[in-house]
Each structure stands twice: as C-alpha cells, then as structure tokens.
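So the chains spell out like this:
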Amino acid sequence: MSKKVLVISSSPRVGGNSDVLADAFIKGAKESGHQVEKVNLAGKTIEFCRGCFVCQTTQRCVIRDDADQITQKMQDADVLVFATPIYYYEMSGQLKTMLDRGNPLYTTNYKFRDIYFLSAAAEDEESVPNRAVSGVEGWIECFSNAKLAGTVFAGGVTDKGDIKNHPSLEVAYEMGKAIN
Ligand SMILES: Cc1cc2nc3c(=O)[nH]c(=O)nc-3n(C[C@H](O)[C@H](O)[C@H](O)COP(=O)(O)O)c2cc1C
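Let me sum up the structure you'll find in this document. (Residues numbered from 1 in each chain as written. Predicted model: local features only at pLDDT ≥ 70, side-chain atom pairs only at ≥ 80, totals over all residues. Heavy atoms only, no water.)

1. Section: the overall build of the protein
Cut-off, in case you're wondering: The secondary structure listing takes helices from DSSP runs of H or I that are at least 4 residues long and strands from runs of E that are at least 2 residues long, numbered from the N terminus. Throughout, radius of gyration means the C-alpha value; the globule benchmark is 2.2 Å times the number of residues raised to the power 0.38. Partly exposed describes any residue whose relative accessible area lies between the buried limit of under 20% and the exposed limit of over 50%, with all areas from a 1.4 Å probe on protein chains only and scaled to the type maximum. Note on contacts: a residue pair is in contact if any heavy atoms of the two residues lie within 4.5 Å. All accessibility values rest on the Shrake-Rupley procedure with a 1.4 Å probe; residue burial counts only the protein chains present in the view. Under the convention used here, Asp and Glu are negative, Lys and Arg are positive, and both His and the chain ends fall outside the count. Think of each charge as sitting on NZ of Lys, CZ of Arg, CG of Asp or CD of Glu.
What the protein contains, in helices and strands, is six helices and five strands. In the protein, the order of α-helices and β-strands from amino to carboxyl end is β-α-β-α-α-β-α-β-α-β-α. Here the C-alpha radius of gyration of the protein, 15 Å, is about what a compact globule of 180 residues would show, namely 16 Å. Projected onto the principal axes, the alpha-carbon positions of the protein cover approximately 45 × 40 × 25 Å. Each of the 180 residues in the protein was classed as buried or not, and the buried ones make up 48%. Long-range contacts, defined here as pairs at least 24 residues apart, represent 80% of the contacts in the protein between residues at least 6 apart. By element, 48% of the accessible surface of the protein is carried by carbon and sulfur atoms, the whole surface being about 8,800 Å². Both charge centroids of the protein, one from 20 positive and one from 23 negative side chains, sit 7 Å from each other.

Written as structure tokens, this is what we have:
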C-alpha cells in the first residue's frame, strides 16, 4: 500500500551529508511506490516553542510561521523521516526546535506510525549518534501510536560531499525501499 512519507531534513547545508542520506532513503521509498515529500528546514522561519500550551486546546500553534505548516504536514503523514547532522553528539538545534513546535500534534489523531532517523557526523564510532537517537526516542515516547522503525548513521563525513560512496547510502536506500 502506498504511504505518505514526510522527510524533514534539518541540516543548514542543503546537499550536505545528512541531506544526501535523506535523498538515498527517498529514492528507495519512491521506487516502492510511496508518496514522498521532503522539507528542508534550511531557510525556513521557525521560532522556538513559547510553552504557552494553547495548542493543547486548539491543536494549532499560535505562531504562524513555517513550523505551523510543517506540523500540519506531519499530522497527515503515515511515515516520518528525520535527517540531521550530529551537533555536539546530539540532533541539530534546528530539528529539536521543529520537534518542540510539533507540540500541537500531541492532542490530534496524528497518522504517523513509523519514524526513521538518519544522521551524519565527522567521527565514525558507532556510539556517536546515540544521544541524538535517544532524543528522538523521547519525542516518540510521547506519541504512543508511533515507533522508531529504523536508524541510519553515516560516520566519518565532515565536509559537504564526503558522503559520496559511503556504505550508509545503500542502507538508507534499502530502508526507504522496505517501507510497507
Ligand atoms: C556545531 C557543530 C557541531 C558538531 N558536532 C559534532 C560532534 O559532536 N561529533 C561529530 O562527529 N561531528 C560533529 N560535527 C560535524 C558534523 O556532524 C559533520 O560535518 C556532518 O557531516 C554535517 O552534516 P551535514 O553535511 O548534513 O550538515 C559538528 C559540526 C558542527 C557545525
């Protein structure tokens, strides 16, 4: 069955390593007939969550910036994919800010079930993305119908373009292709 897949790519470097990893995932998902939309947070206006909790009664953020529209796309997607550079062993601030702004989703009949997490970092030890994965798991824990369905880490990539021919690209492609 064709699924609606929303990919949120959070690097400020469009065409950077995590963004290219996201594209490999997208290629696989499209080949399996899924409907994929990609949103790059670069260039978007996304304010911090104000913690006002208005969204818990209105299901909509009081701040009408780009995060408001992205949150609505998140609500309608069956599958969410988050791509991020590792910044200080965590997800990017851009992605964390977007996840906080997704707070209106908490009281909605959000459709997403499977969530994938893709990351890239300069160091290549397996443990490098652990804190970032743990962070997204914390977000997912608040959405009891959803689960972390897969993670891909591209280690040892620093400059834009370093990810070319990296084995993680094949892993991401196969993961996207295997969505069902
Ligand atoms: C602010 C900042 C913090 C970073 N922190 C880490 C880190 O903790 N560990 C690491 O291995 N690489 C770190 N890096 C390197 C990036 O993760 C790496 O360059 C990655 O490929 C960037 O992905 P992108 O091209 O998708 O933006 C950091 C880079 C920046 C700019």
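2. What to know about the layout of surface pockets
Let me state the cut-off plainly: Using a grid of 1 Å spacing that covers the protein atoms alone, one calls a set of points a cavity when a 1.4 Å probe fits there but cannot get out, and a pocket when the set is open and has protein on both sides within 12 Å along at least five of seven lines; lining residues are those with an atom within 4 Å of a point. Grid points are joined across faces, edges and corners, and a volume is the space filled by probe spheres set on the points. For this scheme, ten residues count as nonpolar: Ala, Val, Leu, Ile, Met, Phe, Trp, Tyr, Cys and Pro. Four count as charged, namely Asp, Glu, Lys and Arg, and the remainder, Gly too, count as polar.
Estimated volume of the largest pocket: approximately 280 Å³. Looking at the largest pocket, it is lined by 16 residues, and the ones nearest its centre are I86, Y87, A120, A121 and A122. Its residues assigned to classes, the lining of the largest pocket comprises 10 nonpolar, four polar and two charged. In this model, the second largest pocket occupies a volume close to 170 Å³.

3. Concerning the side chain of H166
Among the secondary structure elements, H166 is positioned in the loop between β5 (147-154) and α6 (167-177). Owing to a relative accessible area of 18%, H166 belongs among the buried residues under this scheme. Other than its neighbours up to four places away in sequence, H166 contacts F153, A154, G155 and V157.

Take it as geometry only, folks, not as evidence of what the structure does.
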